[in-house]
Amino acid sequence: MTGDRRPGRPRSEAARQAILGAAIDELKERGYGALTVEGIAARAGVGKQTIYRWWSSKADVVLTALLDLSQTTVAVPDEGTLSDDLTAFLAATFRQHGQRPVLVGLMAQALLDPAFATDFRDRFLFGRRAVLRQILERAAVRGEIAPETDLELLIDVVYGVLWYRLLLDHAPLDEAVGRELAALVVKAAR
């Protein structure tokens, strides 16, 4: 279950927000491996049965929290040019590098759990790709991207850098890298 409505008592939005916030806080402090539904429940001030009524696993709770967070922290910019849109989007995306434990934990879970992998891909990864695709398609309509440019490949390049640096933690992943990558993609798209 992925946070969708189940039969029973109606959800308390305050409890839902407390649970999602607690999940992110616990992840940042303890890491995904040490995260437990019991820990989330204690921090949120709810019973673990409340969590299991709405979500089937800690991964589902974290995914819902990440989806909520990504919708409020990374907007779809429309600055009028590909360069400005991409720079704003990638700087905001890479500014979220503090979410590394969340993203790495979910990716690890996706590797272990094929059902969760599908949910993670469909609900989060494809959603983030769709936002970037929207930016690139707007630029293509404005004539800023060569017609023969493979937009999916550009999207792969952007998220390839993001995930490679998240998973290996070998190089910075910050706003400056977001700006550099935006400039690289704009150059490749022309």
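What comes next is a walk through the structure. Starting afresh in each chain, residues are numbered from 1 along the sequence in its written order. Residue-level local features of this predicted model are given only where pLDDT is at least 70; pairs of side-chain atoms are given and counted only at 80 or more, and the full residue set underlies all totals for whole chains, interfaces and linings. The side-chain figures draw on all heavy atoms in the structure; neither hydrogens nor water molecules are used.

**Regarding the overall build of the protein**
- Helix numbers and strand numbers start at the N terminus; a helix is a DSSP run of H or I with at least 4 residues, a strand a run of E with at least 2. Tallying secondary structure elements over the protein gives nine helices and zero strands in all.
- Secondary structure of the protein in N-to-C order comes out as α-α-α-α-α-α-α-α-α.
- By principal-axis analysis of the C-alpha atoms, the protein measures approximately 55 × 35 × 30 Å.
- Looking at the protein as a whole, 45% of its 190 residues qualify as buried. With a 1.4 Å probe rolled over the protein chains alone, any residue whose accessible area is under 20% of its type maximum counts as buried; one over 50% counts as exposed, and the rest are partly exposed.

**Regarding the layout of surface pockets**
- Taken as a whole, the largest pocket holds about 320 Å³ of empty space.
- Around the largest pocket, the lining is made up of 21 residues, and of these Thr93, Leu103, Phe124, Arg128 and Leu162 lie nearest the centre.
- Mapped by element, the contributors of at least two residues to the lining of the largest pocket are helix H4 (58–73), helix H6 (100–112), helix H7 (114–141) and helix H8 (151–168).
- Looking at the lining of the largest pocket element by element, the count peaks at five residues for H7.
- Charged residues are taken to be Asp, Glu, Lys and Arg, nonpolar residues to be Ala, Val, Leu, Ile, Met, Phe, Trp, Tyr, Cys and Pro, and polar residues to be all remaining types, Gly included. A class-by-class count of the residues in the lining of the largest pocket yields 13 nonpolar, six polar and two charged. Cavities and pockets are found on a 1 Å grid laid over the protein atoms alone: a cavity is a set of points where a 1.4 Å probe fits but cannot escape, a pocket is an open set with protein on both sides within 12 Å along at least five of seven lines, and a lining residue has an atom within 4 Å of such a point. Grid points are joined across faces, edges and corners, and a volume is the space filled by probe spheres set on the points.

**Concerning H8**
- Helices are assigned an expected span. That span is 1.5 Å times one less than the residue count. Helix length check: H8 (18 residues) gives 26 Å between terminal C-alpha atoms against 26 Å at 1.5 Å per residue, within 8%.
- If you check which residues of H8 are buried, you get Leu151, Leu154, Ile155, Val158, Tyr159, Leu162, Trp163 and Leu166.
- Contacts from the buried residues of H8 go to helix H5 (82–95), H6, H7 and helix H9 (175–189).
- Any N or O atom pair separated by 3.5 Å or less is treated as a polar contact, with the protein-specific requirement of one donor-capable and one acceptor-capable atom, and with residues adjacent in sequence counted only for side-chain atom pairs. Regarding H8, its N-cap is aspartate 150, as a side-chain oxygen of that residue lies 3.1 Å from the backbone nitrogen of glutamate 152 further along. Any pair of residues with heavy atoms lying within 4.5 Å of one another is described as a contacting pair.

**Some points on the nonpolar core**
- Only buried residues count toward a nonpolar core. Its members are Ala, Val, Leu, Ile, Met, Phe, Trp, Tyr and Cys residues joined through side-chain atoms within 4.5 Å. In this structure, Ile19, Ile51, Leu82, Leu86, Leu106, Phe120 and Trp163 are the most contacted members of the largest nonpolar core, which totals 61 residues.
- The element that contributes the greatest number of residues to this core is H7, accounting for nine residues.
- Sequence-distant contacts of phenylalanine 120, defined by excluding residues within four places in its chain, comprise Leu63, Leu66, Leu106, Met107, Ala110, Leu125 and Trp163.

**Digging into the packing of aromatic side chains**
- Only Phe, Tyr and Trp rings take part, Trp by its six-membered ring, and two of them pair if their centres are within 6.5 Å. Stacked means planes under 30 degrees apart, edge-to-face means over 60, and tilted covers everything else. According to the stated counting rule, one finds four aromatic pairs in the structure shown.
- Consider the rings of tryptophan 54 and tryptophan 55, whose centres lie 5.8 Å apart with planes at 80 degrees: the pair is edge-to-face.
- Arranged with centres 5.9 Å apart and planes meeting at 10 degrees, the rings of phenylalanine 116 and phenylalanine 120 form a pair that is stacked. With phenylalanine 116 and phenylalanine 120 both in helix H7 and four residues apart, this pair spans about one turn of that helix. Each member of the pair, phenylalanine 116 together with phenylalanine 120, is buried.
- One aromatic cluster is present, built from ring pairs that chain together Phe116, Phe120, Phe124 and Trp163.

**As for a nonpolar patch on the surface**
- Residues Tyr164, Leu167 and Leu168 make up a contiguous nonpolar surface patch of about 310 Å² in total accessible area.
- Looking at the secondary structure, you find tyrosine 164 in helix H8. Note on patches: the residues involved have over 30% relative accessible area and no salt bridge, like charges join within 9 Å, and the nonpolar side chains Val, Leu, Ile, Met, Phe, Trp and Tyr join within 5 Å. Under the convention used here, a 1.4 Å probe and the Shrake-Rupley method define accessible areas, while residue burial counts only the protein chains that appear. We define a salt bridge as a side-chain nitrogen of Lys or Arg found within 4 Å of a carboxyl oxygen belonging to Asp or Glu.

**Some words on the packing of helix H1 (residues 13–30) against H4**
- Angles shown run from 0 to 180 degrees and are taken between the N-to-C directions of axes, each axis being a line fitted to C-alpha atoms and, for helices, limited to the stretch in contact. Running from N to C, H1 and H4 cross one another at 100 degrees; their axes reach a closest spacing of 9 Å. With respect to each other, H1 and H4 are oriented roughly perpendicular. Judged by residue contacts, Arg16, Gln17, Ile19, Leu20, Ala23, Ile24 and Leu27 of H1 engage Val61, Val62, Thr64, Ala65, Leu66 and Asp68 from H4.
- Across the contact of H1 with H4, the residue classes break down as nine nonpolar, two polar and two charged. Relative orientations are named as follows: roughly parallel for angles under 35 degrees, roughly antiparallel for angles over 145 degrees, roughly perpendicular for angles from 65 to 115 degrees, and oblique for any other angle.

**Topic: helix H2 (residues 37–44)**
- Listed as buried for H2 are Val37, Gly39, Ile40, Ala41 and Ala44.
- Its buried side turned inward, H2 meets H1, helix H3 (48–54) and H4.
- The first or second residue beyond H2 is glycine 45, which carries a positive phi of 75 degrees.

**A look at the environment of glutamine 134**
- By the element assignment, glutamine 134 lies in helix H7.
- The sequence separation of glutamine 134 and leucine 184 amounts to 50 residues, and the corresponding C-alpha distance is 18 Å.

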